[in-house]
Amino acid sequence: MVPEEYLERLEATTAEPDDLFEHFEQRSVAGQTHYVLTAARHGVERGTVIVEDADVVVRGYPSIPRILVLDPGIPSFFEGGETVAIEEKLDGFNVRIADVGDPLAFTRSGYVCPYTTAQARDSLPLEEFFAAHPRKTICAELIGPETPYTTHDYEGIDTHEFRVFDVRDCESGVPLPVADRRELCEEYGFGQPRLFGRAVASDTIATVRDTIDDLDAVGREGVVLKSADGVQMVKYTTKTQHHGELAYAFSMPFDYGRDFVFSRVVRDAFQAVELDESEEQLEERARDLGESILRPMISTIQDVAAGETVGERHRVRGDPETIDALFDHLHEHSLTIEREFDQCENGERVVEFVKVADSSRDRIRYYLDGGTR
Ligand code: ATP
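Residues numbered from 1 in each chain as written. Predicted model: local features only at pLDDT ≥ 70, side-chain atom pairs only at ≥ 80, totals over all residues. Heavy atoms only, no water.

## A word on the nonpolar core
Note the cut-off: The set of buried Ala, Val, Leu, Ile, Met, Phe, Trp, Tyr and Cys residues whose side-chain atoms join them within 4.5 Å is what this entry labels a nonpolar core. The rule is simple: take the accessible area with a 1.4 Å probe, protein chains only, and divide by the maximum for that residue type; under 20% is buried, over 50% is exposed, in between is partly exposed. Contact criterion: two residues are considered in contact whenever any of their non-hydrogen atoms come within 4.5 Å of each other.
Ile97, Phe129, Ile138, Phe162 and Phe190 are the most contacted members of the largest nonpolar core, which totals 31 residues. Not counting the four nearest positions on each side in its chain, Ile97 is found in contact with Pro103, Leu104, Ala105, Ala120, Leu124, Leu126, Phe130, Lys136, Thr137, Ile138 and Phe162. Leu70, Leu215, Leu225 and Tyr236 belong to the second largest nonpolar core, which has 15 residues in total.

## Quick notes on empty space enclosed by the protein
As a reminder, the rule being used: Grid spacing is 1 Å over the protein atoms alone, the probe is 1.4 Å, and a cavity is where that probe fits but cannot get out, while a pocket is an open set with protein on both sides within 12 Å along at least five of seven lines and lining residues have an atom within 4 Å of a point. Grid points are joined across faces, edges and corners, and a volume is the space filled by probe spheres set on the points. Here a helix means four or more residues in a row that DSSP labels H or I, a strand means two or more in a row labelled E, and each is numbered from the N terminus. Residues are sorted three ways: Asp, Glu, Lys and Arg are charged, Ala, Val, Leu, Ile, Met, Phe, Trp, Tyr, Cys and Pro are nonpolar, and all the rest, Gly among them, are polar.
Counted by the stated rule, this structure contains 2 cavities of 30 Å³ or more. Taken together, Arg66, Ile67, Leu68, Tyr236, Thr237, His242, Arg267 and Gln271 make up the full set of residues lining the largest cavity. The set of elements that each furnish at least two residues to the lining of the largest cavity consists of β12 (233-237) and α8 (253-274). Across the lining of the largest cavity, the residue classes tally to 3 nonpolar, 3 polar and 2 charged. Taken as a whole, the second largest cavity encloses approximately 30 Å³ of empty space. As for the second largest cavity, its lining consists of Arg59, Gly60, Tyr61, Arg96, Thr137, Cys139, Arg168, Asp169, Cys170 and Gly173. Those elements that place two or more of their residues in the lining of the second largest cavity are β8 (136-143) and β9 (161-169).

## Considerations on the site of the ligand
For clarity, the threshold we go by: Whether a residue is near a molecule or strand depends on its heavy atoms: it is near if one of them lies within 4 Å of it. Residues adjacent in sequence count toward polar contacts only when both atoms are side-chain atoms; beyond that, a polar contact is any pair of N or O atoms within 3.5 Å, and within protein one must be able to donate a hydrogen and the other to accept it. The method behind every accessible area is Shrake-Rupley, applied with a 1.4 Å probe, and residues are considered shielded solely by the protein chains displayed.
Near the ligand, the surroundings consist of 15 residues, among which Ser63, Arg108, Glu141, Lys226 and Lys235 are the closest. Within the side chain of Glu87, an N or O atom sits 3.2 Å from a nitrogen atom of the ligand. Contact distances for the ligand include 2.8 Å between an oxygen atom and a side-chain N or O atom of Arg108. In the complex, the protein chains occlude 77% of the 620 Å² of accessible area that the ligand would expose alone. Listing elements by their share of the shell around the ligand, those giving two or more residues are β5 (83-89) and β11 (222-227).

## Points about the domain arrangement of the protein
The test is simple: All the domain ranges listed were derived from an automatic or database domain assignment. By buried area we mean the combined loss of accessible area, with a 1.4 Å probe, across both parts when two parts are placed together.
Here the protein is described as being made up of domain 1 (1-49), domain 2 (73-89 + 195-234) and domain 3 (240-289). Each of domain 2 and domain 3 was reduced to a C-alpha centroid, and the two centroids are 22 Å apart. In this assembly, 5 residues from domain 2 lie in contact with 5 residues from domain 3. The largest share of the area that domain 2 buries against domain 3 comes from Arg209, Asp216 and Glu221, three residues that together contribute 74% of it.

## Topic: the packing of aromatic side chains
How we decide: Stacked, tilted and edge-to-face are the three classes assigned to paired rings of Phe, Tyr and Trp, where Trp is represented by its six-membered ring and a pair needs centres within 6.5 Å; plane angles under 30 degrees give stacked, over 60 edge-to-face, the rest tilted.
Across all of its chains, the model carries 13 aromatic pairs by this definition. Taking 5.2 Å as the distance between ring centres and 80° as the angle between the ring planes, the aromatic pair formed by Tyr61 and Phe165 counts as edge-to-face. Here the residue Tyr61 occupies a position in the loop between β4 (56-58) and α2 (73-77), and Phe165 occupies one in strand β9, the gap between them amounting to 104 residues. Assigned by exposure class, Tyr61 and Phe165 land together as buried. When the centroid spacing of 5.5 Å and the interplanar angle of 50° are considered together, the rings of Phe129 and Phe190 count as tilted.

## Details of the sheet that holds β9
How we decide: Think of it this way: DSSP has to see at least two bridges between two strands before they count as a pair. For helices, the axis comes from a line fit to the C-alpha atoms of the stretch in contact; other axes are also lines fit to C-alpha atoms, and the angle between any two N-to-C directions lies between 0 and 180 degrees.
If you trace the 4 strands from one edge of the open sheet to the other, you get β7-β6-β8-β9, paired in antiparallel fashion. Of all the strands in the sheet, just β7 (103-106) and β9 have a single pairing partner and so form its edges. Taking each pair of neighbouring strands and ignoring which way they run, the sheet shows an average axis angle of 30°. In this structure, strand β6 (residues 93-99) lies alongside β7, joined through 4 bridges in antiparallel fashion. Note that in β7 the partner of Ala98 across the bridge is Leu104. Sheet strands in contact with helix α3 (residues 114-123) are β6, β7, β8 and β9, and its direction is about 130° off that of β7.

## Some remarks on the pattern of salt bridges
Definition in use: The term salt bridge refers to a pairing of a side-chain nitrogen on Lys or Arg with a carboxyl oxygen on Asp or Glu at a separation within 4 Å.
Taken as a whole and judged by the stated rule, the model has 31 salt bridges. Put simply, Glu345 and Arg317 hold a salt bridge, and the shortest N to O gap is 3.5 Å. In this pair, Glu345 is assigned in strand β14 (residues 337-345) and Arg317 in strand β13 (residues 311-318), connecting sequence segments 28 residues apart. Its relative accessible area of 32% is what places Glu345 among the partly exposed residues. Here Asp362 ties to Arg361 by a salt bridge, and the two come within 2.9 Å at their closest N and O atoms. Of the residues examined, Arg361 reaches a relative accessible area of 30% and is grouped as partly exposed. Here the salt bridges do not stand alone but share partners, grouping Glu146, Arg315, Arg317, Glu345, Glu348 and Glu352 into one network.

Here it is, written out as structure tokens:
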């Protein structure tokens, strides 16, 4: 079980010390024992990892609340009338990179992803960074078309890149202030999300509205507003993002549809009301929303009927050992994987694969065969 000393150290950082730490799961990772918190408990985030061998605690990344209206959502969230930074919210995969003997990339739920770890070691100056900041965690979004988890395209990114959006104290989870973190990232040459401005909270509404408009027009996700000390954060997203997520969910309707639909429709409805959209704009929004639900589902039913594989398609590239380690990792998570392309290009292995949507495939097959509901 988790060594008592670490529980006491973690409890000392929470507002509600408790006997909550029986919820850690023990995992063996490259010769180390990792104790992982599988669900958020009393102020300690899901995905928090204790690595006793390295005497390191890596706090999970906190959940970011969402506002549904900018006005008065922003000023009421940042009550003290403080200055806030507006950063772009990127659509990728959250990783925390920490030095636990070696630098490892942890997923949101506290697993070590071998692919992301290898890419981070390759493309970020981790040795240099951790030599100077051994007890910090780099929080980054892995973005681009070639990742095993997301596929959102960003202009100028052919494969994948990291964007560092936070640097936190490993054990307490306290972030660096936004300005200090951005400066530190610049010093190490880390890519960062764009900063759209800083202002007193109530003065950001117009800027955020214009920014969201611009991001929407080019199919990007949204913004995160952050207090200057980096502690308070709130997010707001574009219509394109809501519809994109629905399209993704309904391309695997019996895996994700139900979980996605209500929350995205709610976001869209509040946005339409706040923007006081014209009849014409509402009609366009309603059509888009409907199409993002119905069309992907229809095309998935057609695919199942034609005997094609349905699920999430990804492409990854890397050295052969990293790619093997990635597939071992995905299989450990009981995913059904089908490889559609597997070749060497300039010494790198490039693999295209599908994470098969078993529930959607089976349910659709059942209905197509005349099954009842
Ligand atoms: P939650 O935040 O409630 O856990 P979630 O897991 O669905 O929700 P998102 O809605 O995608 O996550 O929003 C939070 C995530 O956004 C962060 O965990 C981070 O990975 C990502 N992100 C992208 N850009 C930024 C940014 N500039 N600042 C903070 N987070 C960002």
